[in-house]
Amino acid sequence: TKCFNEEGFGAVSIQELANRMEMSRGNLTYYFKTKDDLLEAIVNEMWTKLDKELNKRRTLPSFENLHNTAKVYYRIQKEYSFIFLDQHVLRHELVKEEFRQQTQKSINDNKAALAFAIKLGNLKPEPVPGMYNNIAFITWMMPFYWLNQQIIRGEKTVEDAEKMIWSILLPHFTEKGINSFIKFFGEEYYQNLGEDFSVDLDSLISF
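Report on the accompanying structure. (Residues numbered from 1 in each chain as written. Predicted model: local features only at pLDDT ≥ 70, side-chain atom pairs only at ≥ 80, totals over all residues. Heavy atoms only, no water.)

**Notes on the nonpolar core**
As a reminder of what qualifies: In these notes, a set of buried Ala, Val, Leu, Ile, Met, Phe, Trp, Tyr and Cys residues joined through side-chain atoms within 4.5 Å is what counts as a nonpolar core. Accessibility here uses a 1.4 Å probe with only protein chains present; expressed as a share of the type maximum, an area under 20% marks a residue as buried, one over 50% as exposed, and anything in between as partly exposed. Runs of E in the DSSP output that reach at least two residues are strands. Runs of H or I that reach at least four are helices, and both are numbered from the N terminus.
The biggest cluster of nonpolar side chains holds 51 residues, and the ones touching the most others in it are F63, I83, F99 and W166. With eight residues, helix 4 (residues 35-57) is the largest single contributor of residues to this core.

**Some details on the layout of surface pockets**
What counts here: The definitions used throughout rest on a 1 Å grid laid over the protein atoms alone, on which a cavity is an enclosed set of points accommodating a 1.4 Å probe that cannot get out and a pocket is an open set flanked by protein within 12 Å on both sides along at least five of seven lines; lining residues are those having an atom within 4 Å of a point. Grid points are joined across faces, edges and corners, and a volume is the space filled by probe spheres set on the points. Three classes are used: nonpolar for Ala, Val, Leu, Ile, Met, Phe, Trp, Tyr, Cys and Pro, charged for Asp, Glu, Lys and Arg, and polar for all others, with Gly counted as polar.
Roughly 240 Å³ of volume is contained in the largest pocket. Lining the largest pocket we find 14 residues, and of these S62, F63, E64, N122 and S180 sit closest to its centre. Listing elements by their share of the lining of the largest pocket, those giving two or more residues are helix 5 (63-79), helix 8 (96-120) and helix 12 (175-185). If you tally residues by element for the lining of the largest pocket, the top one is helix 12, at five residues. Grouping the amino acids of the lining of the largest pocket by side-chain chemistry returns nine nonpolar, four polar and one charged.

**Structural notes on a nonpolar patch on the surface**
Stated precisely, the cut-off is as follows: Think of a patch as exposed residues, more than 30% relative accessible area, with no salt bridge, where like charges cluster within 9 Å and nonpolar side chains (Val, Leu, Ile, Met, Phe, Trp, Tyr) cluster within 5 Å. Only the protein chains shown count as covering a residue, and every accessible area follows the Shrake-Rupley method with a 1.4 Å probe. Should a side-chain nitrogen of Lys or Arg be within 4 Å of a carboxyl oxygen of Asp or Glu, the pair is scored as a salt bridge.
Taken together, F197, V199, L201, L204 and I205 make up a surface patch of nonpolar side chains, about 590 Å² in accessible area. Its location among the elements puts L201 in the segment after helix 13 (187-191). Residue L201 is classed as exposed on the basis of its relative accessible area, which comes to 55%.

**A few points about the packing of aromatic side chains**
Selection rule: In this scheme Phe, Tyr and Trp rings, the latter by its six-membered ring, pair at centre separations within 6.5 Å, and the angle between planes marks the pair as stacked below 30 degrees, edge-to-face above 60, and tilted otherwise. Look at NZ for Lys and CZ for Arg. If either is within 6 Å of the ring centre and within 35 degrees of the ring normal, a charge sits over the ring.
In the structure shown here, the tally under the stated rule is 23 aromatic pairs. Taking the centre distance of 6.4 Å and the plane angle of 40 degrees together, the rings of Y74 and W146 count as tilted. Taken together, the residues span a long stretch of sequence, with Y74 in helix 5 and W146 in helix 10 (residues 146-153) at a distance of 72 residues. Each of the two residues, Y74 as well as W146, counts as buried. If you follow K35 out to its NZ or CZ, it ends over the ring of F9, 4.6 Å from the centre.

**Structural notes on the side chain of S81**
We count it as follows: The contact rule is simple, with two residues in contact once any of their heavy atoms fall within 4.5 Å.
In this structure, S81 sits in helix 6 (residues 81-85). Residues within four places of S81 in sequence aside, it is in contact with N5 and L147.

**Concerning helix 8**
We apply this condition: Helix span, expected: 1.5 Å multiplied by one less than the number of residues in the helix.
Its 25 residues give helix 8 an end-to-end C-alpha distance of 36 Å, which sits within 8% of 36 Å, the value for a rise of 1.5 Å per residue. Restricting attention to buried positions, one finds in helix 8 the residues F99, Q102, T103, S106, I107, D109, N110, A113, L114 and A117. One or two steps after helix 8, the chain reaches G121, where phi turns positive at roughly 85 degrees.

Written out as structure tokens, the structure reads:
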């Protein structure tokens, strides 16, 4: 996994992997005949870890769990970055169907969290048809592709996906919901969701 993360799945041969691990090619292929066999073992390990973490949040569809799910994806992406960054791996037969199922589970979990918040009176009823379905999708997509955007924009980006998710959701909170949010996360967190927005057009537009 470390080698694939550093070099890319397609860039490393079985022989190079054996050399890296200071073992013979025959010894490696005794256990894993092809790279696909290795990939299958790695992704199965990843699914086990991901399922274990995500199943913790499915016991209660709360915003706390939505927040924690973003952090789970951070950890998994860093540990198995070659899977998330390589479109060929994401489309691989050993990977793509499971990812589709996991994606749908995550989106459904997000919908459940939104519905639960409405029932509790923490979230306003849907203001425009389709909005909360879109938010459920966005709250999956944002943490899932977080590593990709960090690489595109620069490795040292400081924004947190969960704070961006809250920025989308908080305008739809009721007063009760905002008070509950502050009680759980704290006033400082609530007041520091990101950099202040500038309305200085001169700094944003050049003619």
